[in-house]
Amino acid sequence: MWSVTESQSTRTEWPESPPPPWPAEVKATIWWHRARPAGRALLSSRTIPITVVMVIDYLNSPVGPYREVLASPVLWRPGRGMGPMPRISVPFIAVDSETSVHGGRTHWHLPKVLADFGGDVLADASVSAAGVSGEGSSGDGWSVRTSAKGIGPSFPIKGALGFAQPSDEGSVLATARLTGKARLARVQVDASGPSLGKWITPGIHFGLQIVSGRMATGVSTLLSGGRV
């Protein structure tokens, strides 16, 4: 499965999860920055050099409440079967739910691993694999820390986020659709790890907070030949 070191796991068996779609109530902080060379190197064709990172709190879902951090080093350009909008590709994603790990790896080709979470995704949050023991965690220590501050009033938001995960057969495509309330934000970021520190830029970034939202992640499809 396509992933960076922090999202690799030797464990193969997880508590079984229900099939998609997965509806959920969420809140999240999202930020982006120009991709660094190490991030651009992770996908080699038809990309936009923008890195997108997010920390998400799933207040409820088909596998219960859980938290998540994910990062896309660059964006896929639209067209050639990818659809009309850019898509993220996620080589790093971690959660605090074993059943969610199964869902990500089985239903969407997302390389989920287990992690420890602290704080509030809309304020000060921390995620780390350092305190997770057992073969469900990644093999190397890493951490992502954020301190977010909302800017201005919230406003209605409705949209979709598509992703494309490289596989041996092509690209696994899926879409998460969201309605809710959002606000602009500034996010102080610090990331460390064997690879994360090389392509997630530290410092203050412009971002967006999902203050409250309803999201549904749909069934995946395979785009044959759509590979890195």
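Up top you'll find the structure we're talking about.
Residues numbered from 1 in each chain as written. Predicted model: local features only at pLDDT ≥ 70, side-chain atom pairs only at ≥ 80, totals over all residues. Heavy atoms only, no water.

Quick notes on helix H2 (residues 98-107)
Thought 1: Among the 10 residues that make up H2, eight are buried, leaving the element largely enclosed by the rest of the structure.
Thought 2: Every buried residue of H2 is accounted for by Thr99, Ser100, Val101, His102, Gly103, Gly104, Arg105 and His107.
Thought 3: Close packing links the buried residues of H2 with strand S1 (22-34), strand S4 (66-72), strand S7 (92-95) and strand S8 (112-114).
Thought 4: Among the residues of H2, the N-terminal cap falls to Ser97, whose side-chain oxygen and the backbone nitrogen of Thr99 are separated by 3.4 Å. (Buried < 20%, exposed > 50% of the residue type's maximum accessible area, 1.4 Å probe, protein only. Helix = DSSP H or I, 4+ residues; strand = E, 2+ residues; numbered from the N terminus. Contact = heavy atoms within 4.5 Å. Polar contact = N/O pair within 3.5 Å; in protein donor to acceptor, adjacent residues only side chain to side chain.)

A word on the packing of aromatic side chains
Thought 1: The tally for this structure, following the rule as stated, stands at four aromatic pairs.
Thought 2: Between Phe92 and Trp142, the ring centres sit 4.9 Å apart and the planes meet at 85°, which makes this aromatic pair edge-to-face. Residue Phe92 is located in strand S7, and its partner Trp142 is located in the loop between strand S10 (124-128) and strand S11 (143-167); the two are separated by 50 residues in the primary sequence. Both residues of the pair, Phe92 and Trp142, belong to the buried class. (Phe/Tyr/Trp six-rings, centres within 6.5 Å; stacked < 30°, edge-to-face > 60°.)

Some remarks on a nonpolar patch on the surface
Thought 1: Judged by side-chain polarity, Trp32, Phe155, Leu184 and Phe206 come together as a nonpolar surface patch covering roughly 340 Å² of accessible area.
Thought 2: Within the secondary structure layout, Leu184 lies in strand S12 (residues 170-192).
Thought 3: The exposure class of Leu184 is partly exposed, given its relative accessible area of 33%. (Patch = residues over 30% accessible without salt bridge, like charges linked within 9 Å, V, L, I, M, F, W, Y side chains within 5 Å. Areas by Shrake-Rupley, 256 points an atom, 1.4 Å probe, with all protein chains shown as cover. Salt bridge = Lys/Arg side-chain N within 4 Å of Asp/Glu carboxyl O.)

Quick word on unusual backbone geometry
Thought 1: The omega torsion of the bond from Pro20 to Pro21 falls at 10°, within 30 degrees of zero and hence cis.
Thought 2: The residue Pro21 is located in the segment before S1 in this model.
Thought 3: Phi is positive for Arg46, which is not a glycine, with a value near 50°.
Thought 4: Arg46 sits in the partly exposed class, given a relative accessible area of 25%.
Thought 5: For Arg80, which is not a glycine, the phi torsion comes out positive at approximately 55°.
Thought 6: Relative to the elements of secondary structure, Arg80 occurs in the loop between strand S5 (75-76) and strand S6 (87-88).

Here we look at the nonpolar core
Thought 1: Formed by 30 residues in total, the largest nonpolar core has its most connected members in Val26, Ile56, Tyr58, Leu70 and Ile210.
Thought 2: The set of elements that each furnish at least two residues to this core consists of S1, strand S3 (50-60), S4, S7, S12 and strand S13 (203-217).
Thought 3: Ranked by residues supplied to this core, first place goes to S1 with five residues.
Thought 4: Aside from chain neighbours lying at most four places away, what touches Leu70 is Val52, Val53, Met54, Ile56, Ile88, Val90, Phe92 and Ile93.
Thought 5: Val55, Val69, Ala129 and Ala185 belong to the second-largest nonpolar core, a separate cluster that totals 25 residues. (Core = buried A, V, L, I, M, F, W, Y, C linked by side-chain atoms within 4.5 Å.)

Observations regarding the side chain of Thr217
Thought 1: Structurally, the position occupied by Thr217 is in strand S13.
Thought 2: Relative accessible area serves as the criterion here: at 11%, Thr217 is assigned to the buried category.
Thought 3: Not counting the four nearest positions on each side in its chain, Thr217 is found in contact with Pro20, Pro21, Trp22, Trp108, Phe163, Thr175 and Ala176.

Let's talk about the environment of Pro37
Thought 1: Note that Pro37 resides in helix H1 (residues 37-40).
Thought 2: When the C-alpha positions of Pro37 and Ser220 are compared, they lie 30 Å apart, and in sequence the two are 183 residues distant.

Examining the pattern of salt bridges
For side chains bearing opposite charge, pairing can occur when the charged atoms are close.
Thought 1: This structure, assessed with the given rule, holds five salt bridges.
Thought 2: Salt-bridge contacts for Asp120 lead to Lys27; the nearest nitrogen and oxygen are separated by 3.7 Å. Residue Asp120 is located in the loop between strand S9 (116-119) and S10, and its partner Lys27 is located in strand S1; the two are separated by 93 residues in the primary sequence.

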